Amino acid sequence: MSCATGTGTNATSMLHPGQWQATLGFRSLHSHRHFVGTEEQKQRAANNTEVINDSQGFDLGIAYSLTDRLSVALNIPIAINVRASKYEHYGNTAANAQYFDTKSSGLGDIRLSATYWLLDPIKNMNGNIALGVGVKAPTGNSNVQGQFHKLDKEGKEYLLTKSVDQSIQLGDGGWGANLEIQGFQKLFNKTVLYFNGFYLFNPRNTNNTLNSVTKEAAANEIVVYHSVADQFAGRIGASYALLAKAGLAVSFGGRIEGVPAHDVFGKSEGFRRPGYIISVEPGLSYSKGKSSIAVTVPVATTRNRIKSVADLKYGKHGDAAFADYFISATLSHRF
C-alpha cells in the first residue's frame, strides 16, 4: 500500500494550490520462503515443495492540491500475479507431482483519500506532519478463477476450475476505510528524518470466495470463505542530499507491513494468512524540475506468520510464504 499519494517528505516536494501530480508506482517481489511463526520451514525447499508467487504491481496516483495544506488523491492499482505450486494440483506427495501455474491480472481495489498538513507549510519548512483519511472500493475481482490439474482414481488428469489462492486475488471484496500519517523533520544539514504509516480498516467479515471445505470432529462440513482482512504498513528513516544541486539523494530506514489476525472492526473469520514482515530499506532518489524518481529495495530481517482466528479455533498454526526482498520504484511529475 502506498502512503499519502501526492504529498512529500520535505518542504520542496509539497504540492501548492492548483497543482496536480501524477505518480506511477511499481512493486515487484518473488515470494517462496515458508514460515510458521518466525521459524523458516527449510524442508520445503529441500523437498522441492515451495509455493512460489511472482507479483508485479503498478499504482497510478492522481493528486490535486486544494490549498497549501489540503490535497486529494486517487490511487488505481493494477496487478500481474503468477503462482506456481504442487499441492494445489497433483499434490506434494504424488509420485509424479509437478509444478503448475495459476494466474491473475487486472484492476485492484481503488482508493480515494484526502491529506491535510497540520502546520502551515510556508511557516514550517523544516518539519511538518500530515494526516490522511480515505475510502477503499471493492473494484478488484475477489473471485478470480483458475484451472487446477488433478488426478482421478485411475491416475488420469482432469482440470478443475475454482478460485485461485487468496494471495493472488486482485481484490478483497469489501469496502474499507484507511488512515494515514506522514511527516518529516530536518535533523542536520542535508539530512531529513521521514516517517509514514498506513492502516486499512475492512469491517466486512468474509467475501463470497470459497477457499476450502474442512470437517470438524462431529463430521459437520464447514465452508470456509476468504476473510476480508485489515492491512497495515509503516516506515521510518533518514534521507541525505548526496548531491543537492544535482537532485540526488540517498535514504535508509526501516519498514513493517502485514495483515493482523484480528480486525479492528467486525469479525475476523474465514481464511487469511496473518503476519508481518520487517525490513531494512535503502533507497536512492533523483529529482529535476517538476519530475522525480525514487527506488527502494526493502530487505527482510523478520518474517512472522502469526496464528489466525481459524488457527486458534482448530489448534493449528498455518504457514505462509514470504519474499527475501522486493523492489519498489516511484516516478512522479507535477503540473
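Residues numbered from 1 in each chain as written. Predicted model: local features only at pLDDT ≥ 70, side-chain atom pairs only at ≥ 80, totals over all residues. Heavy atoms only, no water.

Draft legend 1. Structural detail: the overall build of the protein chain. Helices and strands together make up the secondary structure of the protein chain, namely 2 helices and 19 strands. For 335 residues, the compact-globule estimate of 2.2 N^0.38 gives 20 Å, and the protein chain sits close to it at 22 Å. Taken along its principal axes, the extent of the C-alpha atoms in the protein chain is 75 × 40 × 35 Å. Burial status across the protein chain gives 42% buried among its 335 residues. Here the contacts in the protein chain between residues at least 6 apart in sequence split such that 66% fall between residues at least 24 apart. Accessible area of the protein chain: about 16,800 Å², with a carbon and sulfur share of 60%. Averaging the locations of the 33 positively and 26 negatively charged side chains of the protein chain gives two centres separated by 6 Å. (Helix = DSSP H or I, 4+ residues; strand = E, 2+ residues; numbered from the N terminus. Rg over C-alpha atoms; globule rule 2.2 N^0.38 Å. Buried < 20%, exposed > 50% of the residue type's maximum accessible area, 1.4 Å probe, protein only. Contact = heavy atoms within 4.5 Å. Areas by Shrake-Rupley, 256 points an atom, 1.4 Å probe, with all protein chains shown as cover. Lys, Arg positive; Asp, Glu negative; His and termini not counted. Charge placed at Lys NZ, Arg CZ, Asp CG, Glu CD.)

Draft legend 2. View of the packing of aromatic side chains. Applying the stated criterion across every chain, the model contains 7 aromatic pairs. Summarising the aromatic geometry, the rings of F201 and F265 are spaced 5.5 Å apart at their centres and angled 50 degrees between planes, so their arrangement reads as tilted. Of this pair, F201 sits in strand 11 (residues 191-201) while F265 sits in the loop between strand 15 (248-259) and strand 16 (275-288), and the two are 64 residues apart along the sequence. According to the relative accessible area criterion, F201 is buried, its value standing at 16%. Cluster of aromatic residues (ring-pair linked, three or more members): Y199, F201 and F265. Against the face of F326 rests R27, its NZ or CZ located 3.9 Å from the ring centre. Note that K162 overlies the ring of F148, its terminal NZ or CZ placed 4.9 Å from the centroid. (Phe/Tyr/Trp six-rings, centres within 6.5 Å; stacked < 30°, edge-to-face > 60°. Lys NZ or Arg CZ within 6 Å of the ring centre and 35° of its normal.)

Draft legend 3. Region of the structure containing the side chain of Q21. Tracing the chain through its elements places Q21 in strand 1 (residues 20-36). Only 3.4 Å separates the side chain of Q21 from the side chain of R334, close enough to count as a polar contact. (Polar contact = N/O pair within 3.5 Å; in protein donor to acceptor, adjacent residues only side chain to side chain.)

Draft legend 4. The arrangement of the pattern of salt bridges in detail. Taken as a whole and assessed by the stated rule, the structure comprises 17 salt bridges. Among the ionic pairs, E40 bridges to R33, the shortest N-O distance being 3.3 Å. Residue E40 is classed as partly exposed on the basis of its relative accessible area of 25%. Residue E88 is joined to R83 by a salt bridge in which the shortest nitrogen-to-oxygen separation is 3.0 Å. The exposure class of E88 is buried, given its relative accessible area of 8%. Here R83 falls in the buried class, since its relative accessible area comes to 4%. Ionic contacts of the salt-bridge type, sharing partners, join the residues R27, R235, R255, E257 and E281 into one network. (Salt bridge = Lys/Arg side-chain N within 4 Å of Asp/Glu carboxyl O.)

Draft legend 5. Inspection of the side chain of S163 at higher detail. Within the element layout of this structure, S163 appears in strand 9 (residues 157-163). Overall, the relative accessible area of 14% leaves S163 in the buried class. In terms of polar contacts, S163 uses its side chain to reach the side chain of N143, at 2.5 Å. Side-chain polar atoms of S163 contact the side chain of Q145, separated by 3.1 Å. With sequence-adjacent residues up to four places away left out, S163 is seen in contact with N143, V144, Q145, F148, Q169, T209 and L210.

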